[in-house]
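# Structure at a glance
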Amino acid sequence: NTKKEKSIQMLSVQPDTKPKGCAGCNRKIKDRYLLKALDKYWHEDCLKCACCDCRLGEVGSTLYTKANLILCRRDYLRLFGVTGNCAACSKLIPAFEMVMRAKENVYHLDCFACQLCNQRFCVGDKFFLKNNMILCQTDYEEGLMKEGYAPQVR
């Protein structure tokens, strides 16, 4: 099964059955309940997210696996999900990477620059979104002049 999302079942331990071994700690499960996930049995305390240590049986009925890690949904998406495609270079942006947003567009930090003169924007700089291109103030105003109407001077 190549799907990354796996289900977690909580089962009550039948008193007359032989105790099952826990895949996490290898000890026998003598609790009233056990978890079944990844075709193995677990103490509720032993089935935890490799990143944030939350008890997976408590956060929902699914867990995620990748690269031999067992993860909660939030950490799986943070580590292996994608934010989307960069509006400037069209490449995928991993979910944990810092991004810049302009309306519904998302950009890699390095790609967030004027698409005419490649000037990078600093905090506080004005930028303009025209025909889905990000432009610095100079290029935006020059474009308006060419179109025959000057920007409003305030």
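Residues numbered from 1 in each chain as written. Predicted model: local features only at pLDDT ≥ 70, side-chain atom pairs only at ≥ 80, totals over all residues. Heavy atoms only, no water.

Per an unreviewed UniProt entry, the chain goes by the name LIM domain only protein 3 and belongs to Sphaeramia orbicularis.

In a beta sheet, neighbouring strands are held together by backbone hydrogen bonds and run either parallel or antiparallel to one another. Strand order in this open sheet of five strands is E3-E2-E1-E4-E5, and the pairing throughout is antiparallel. Each edge of the open sheet is held by one strand with a lone partner, namely strand E3 (40-42) and strand E5 (69-71). This sheet shows a mean twist of 35 degrees between the axes of neighbouring strands, independent of strand direction. Bridge count for strand E2 (residues 33-37) against E3 is three bridges, and the pairing is antiparallel. Bridge pairing in E3 places Leu35 opposite Trp42. (Pairing = 2+ DSSP bridges. Helix = DSSP H or I, 4+ residues; strand = E, 2+ residues; numbered from the N terminus. Axes fitted to C-alpha atoms, helices over the stretch in contact; angles between N-to-C directions.)

Per the UniProt entry, the sites bearing "domain: LIM zinc-binding" (unreviewed entry) are residues 20-82 and 84-146 in this numbering. As annotated, residues 20-82 comprises 19% helix and 27% strand, and the C-alpha atoms at either end are separated by 38 Å. A helix fraction of 16% and a strand fraction of 33% characterise residues 84-146, whose end C-alpha atoms lie 34 Å from each other. (UniProt positions renumbered as here; feature names shortened; annotations may be inferred.)

One finds Ile8, Trp42, Leu47, Leu56 and Leu63 to be the most contacted residues of the largest nonpolar core, which totals 17 residues. Elements with a minimum of two residues in this core: E2, strand E4 (62-66) and E5. Here this core takes three residues from E2, the largest share from any one element. In this structure, Leu63 is in contact with Lys4, Glu5, Lys6, Ile8, Ala37, Leu38, Leu47, Leu56, Ile70 and Leu71, ignoring residues within four places of it in sequence. Membership of the second largest hydrophobic core comes to eleven residues, among which are Cys86, Ala102, Cys114 and Ile134. (Core = buried A, V, L, I, M, F, W, Y, C linked by side-chain atoms within 4.5 Å. Buried < 20%, exposed > 50% of the residue type's maximum accessible area, 1.4 Å probe, protein only. Contact = heavy atoms within 4.5 Å.)

Another aspect to go through is the environment of Gly60. Structurally, Gly60 is set in the loop between helix H1 (56-59) and E4. A relative accessible area of 32% means that Gly60 is categorised as partly exposed. Along the sequence, Gly60 and Asp31 sit 29 residues apart, while their C-alpha atoms lie 20 Å from each other.

This brings us to a nonpolar patch on the surface. Together, Met98, Met100 and Leu109 make up a nonpolar patch on the protein surface, roughly 280 Å² of accessible area in all. Mapped onto the fold, Leu109 is located in the loop between strand E9 (105-108) and strand E10 (127-130). Judged by its relative accessible area of 37%, Leu109 falls in the partly exposed class. (Patch = residues over 30% accessible without salt bridge, like charges linked within 9 Å, V, L, I, M, F, W, Y side chains within 5 Å. Areas by Shrake-Rupley, 256 points an atom, 1.4 Å probe, with all protein chains shown as cover. Salt bridge = Lys/Arg side-chain N within 4 Å of Asp/Glu carboxyl O.)

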